[in-house]
Amino acid sequence: EVLLLDSAPGCTGVTARLAAAQKVLEAQGVPVQRAEGLPEEAGGVGWVIAFDPVATQAAAERRESEQLPFVLYGVGSSTAIAAQMEKGNIAAVAAWSDYAAGYLAVRQAVEAAQREELQSLDPLAFSIVQGEDIYAPENQKLLFPIMSSSGR
């Protein structure tokens, strides 16, 4: 059974990602459970998927502190999430460039301030980064943006 963390029920993006994942998993015959957070007795959970960076980090920290055996998949590209990937507490994440996200947000703000018609933006590009591939050059740019391309 896969536990989908419904950590932000009022957030359209998180809700859409969760619904899409649930649809795909159920179509494959995978039993799915939804919860707003990890249950008190999370030791019996096999897989957990988090759909926002805060929930991903919190689930990873709890997995580590309680030595829980579930496999965690999430989203985000913060240093805390990268550190949890290095420790093996997160199996994979959907990561995006915070710089690209910031640029798009500033662009929309400028257009709104200039009373220009807001252009529809392409979805923010993301990559799936698996734990064993965090040091691949293309992933280092997402997870460790201030490091040189030569690595650690």
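From a predicted model like this one, the values you see are computed outputs, not experimental measurements.

**Student:** Which residues make up unusual backbone geometry, and what values go with them?
**Tutor:** Of note in the backbone geometry, Q67 takes a positive phi value of approximately 50 degrees without being a glycine. Of note, Q67 is situated in the loop between α2 (53–66) and β4 (71–75). What makes Q67 exposed here is its relative accessible area of 71%.

**Student:** Outline α2, supporting the account with residue identities and numerical values.
**Tutor:** Taking 1.5 Å as the rise per residue, α2 with 14 residues should run 20 Å; its terminal C-alpha atoms sit 20 Å apart, in good agreement. Along α2, the residues classified as buried are A55, T56, A59, A60, R62 and R63. Taken around the axis of α2, the buried residues stretch over an arc of 165 degrees, which confines them to a single face. The exposed residues of α2 that point more than 90 degrees off its buried face are V54 and S65. Against the buried residues of α2 lie β1 (2–5), β3 (47–50), β4, α3 (79–86) and β5 (92–95). Immediately beyond the C-terminal end of α2, within one or two residues, lies Q67, with a positive phi of roughly 50 degrees.

**Student:** Residue-level account of the pairing of β4, with values.
**Tutor:** Regular strands place their side chains on alternate faces of the sheet. Where β3 meets β4, three bridges bridge the pair, whose relative direction is parallel. Residue pairing across strands places I49 opposite Y73, the latter belonging to β4. One crossover worth recording links β3 to the parallel β4 by way of α2, and it is right-handed. In terms of strand pairing, β4 meets β5 through three bridges, oriented parallel. The partner of G74 across the bridge, within β5, is V93. Viewed along the sheet, the connection from β4 through α3 into β5 turns out right-handed.

**Student:** Mind laying out the pattern of salt bridges, listing which residues take part and the relevant values?
**Tutor:** Side chains that differ in sign of charge can pair as their charged atoms come close. Scanning all chains against the criterion turns up three salt bridges. Its salt-bridge partner being E64, residue K87 comes within 3.3 Å of it at the nearest N-O pair. Of this pair, K87 sits in the loop between α3 and β5 while E64 sits in helix α2, and the two are 23 residues apart along the sequence.

The rules behind the values
Residues numbered from 1 in each chain as written. Predicted model: local features only at pLDDT ≥ 70, side-chain atom pairs only at ≥ 80, totals over all residues. Heavy atoms only, no water. Helix = DSSP H or I, 4+ residues; strand = E, 2+ residues; numbered from the N terminus. Buried < 20%, exposed > 50% of the residue type's maximum accessible area, 1.4 Å probe, protein only. Expected span 1.5 Å × (residues − 1). Arc of directions from axis to C-beta. Contact = heavy atoms within 4.5 Å. Pairing = 2+ DSSP bridges. Right-handed = clockwise from strand over helix to strand, strands pointing away. Salt bridge = Lys/Arg side-chain N within 4 Å of Asp/Glu carboxyl O.

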